[in-house]
Amino acid sequence: MPRLFTLSQARRSLPEIAAIVIVMRKRALRLDELTALASSMRRTTGADGDPVVSEDSDIQAEMSRLEGQIAQLIDHIQQQGVEVKDIRRGLVDWRAERDGREVYLCWQYGERTVSWWHELADGFAGRQPIVVSEWA
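Residues numbered from 1 in each chain as written. Predicted model: local features only at pLDDT ≥ 70, side-chain atom pairs only at ≥ 80, totals over all residues. Heavy atoms only, no water.

(A) Expanded view of the environment of V84. Looking at where V84 falls in the secondary structure, it is placed in strand β1 (residues 82–86). The exposure class assigned to V84 is buried, which follows from its relative accessible area of 17%. Sequence separation between V84 and V21 is 63 residues; the distance between their C-alpha atoms is 9.0 Å. (Helix = DSSP H or I, 4+ residues; strand = E, 2+ residues; numbered from the N terminus. Buried < 20%, exposed > 50% of the residue type's maximum accessible area, 1.4 Å probe, protein only.)

Spelled out as structure tokens, the structure:
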């Protein structure tokens, strides 16, 4: 059974989680840049119009390194009991209990604190603002 957090616990864990999310996002965005660069390099055409497959081993090595680092960061967050929902958006959820059912407390990169919640099946689109008195 997944760990359940109180609102207070989720908010207390946020500084550590947010710091990891910031690093994870930067690495994911850099990986996107390198992926686009590698893709454009592969699409070059030769003088005869045929595609020329070109790979830069330095780019590939950096991509592999970034993928490994991102995987480690995700694993570290998940070991805390927090679920990574979207790396590039910096979206994470803490499972919690509300009115006898499991829900998610939700935070996204750029938000000051954990201020949203949603039903497990609703996802980001179903986010609702947290009214602290309802979570006491």
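That covers the picture; the talk isn't over yet.
(B) View of the side chain of H118. Inspection of the secondary structure assignment puts H118 in strand β4 (residues 116–119). When its relative accessible area of 3% is taken as the criterion, H118 is described as buried. A polar contact of 3.3 Å, which involves the side chain of H118, links it to the side chain of D93. (Polar contact = N/O pair within 3.5 Å; in protein donor to acceptor, adjacent residues only side chain to side chain.)

(C) Region of the structure containing the packing of aromatic side chains. By the definition in use, this model includes one aromatic pair. On the basis of an interplanar angle of 65° and a centroid distance of 6.0 Å, the ring pair of W117 and W135 is categorised as edge-to-face. Of this pair, W117 sits in strand β4 while W135 sits in the segment after β5 (128–129); the two residues are 18 residues apart in sequence, bridging distant segments of the chain. Both residues of the pair, W117 and W135, count as buried. Between the NZ or CZ atom of R89 and the centre of the ring of F124, over which it lies, the distance is 4.1 Å. Its guanidinium or amino end placed over the ring of W117, R98 lies 4.3 Å from that ring's centre, counting from NZ or CZ. (Phe/Tyr/Trp six-rings, centres within 6.5 Å; stacked < 30°, edge-to-face > 60°. Lys NZ or Arg CZ within 6 Å of the ring centre and 35° of its normal.)

(D) Quick peek at the pattern of salt bridges. Per the stated rule, a full pass over the model turns up 11 salt bridges. Salt-bridge contacts for E83 lead to K85; the nearest nitrogen and oxygen are separated by 3.0 Å. When salt bridges with common partners are traced through the structure, they connect R30, E33, E62 and R65 into a single cluster. (Salt bridge = Lys/Arg side-chain N within 4 Å of Asp/Glu carboxyl O.)

(E) Geometry of the environment of V131. Mapping V131 onto the fold places it in the segment after β5. V131 sits in the partly exposed class, given a relative accessible area of 39%. Taking C-alpha positions, V131 is 8.3 Å from S115, a pair spaced 16 residues apart along the chain.

(F) Structural view of the nonpolar core. Core analysis: the largest hydrophobic core is formed by 32 residues, its most contacted members being W94, L105 and V114. Elements with a contribution of two residues or more to this core: α1 (7–42), α2 (57–79), β1, β2 (91–98) and β3 (101–108). (Core = buried A, V, L, I, M, F, W, Y, C linked by side-chain atoms within 4.5 Å.)

(G) Representation of unusual backbone geometry in the model. For D99, which is not a glycine, the phi torsion comes out positive at approximately 50°. Tracing the chain through its elements places D99 in the loop between β2 and β3.

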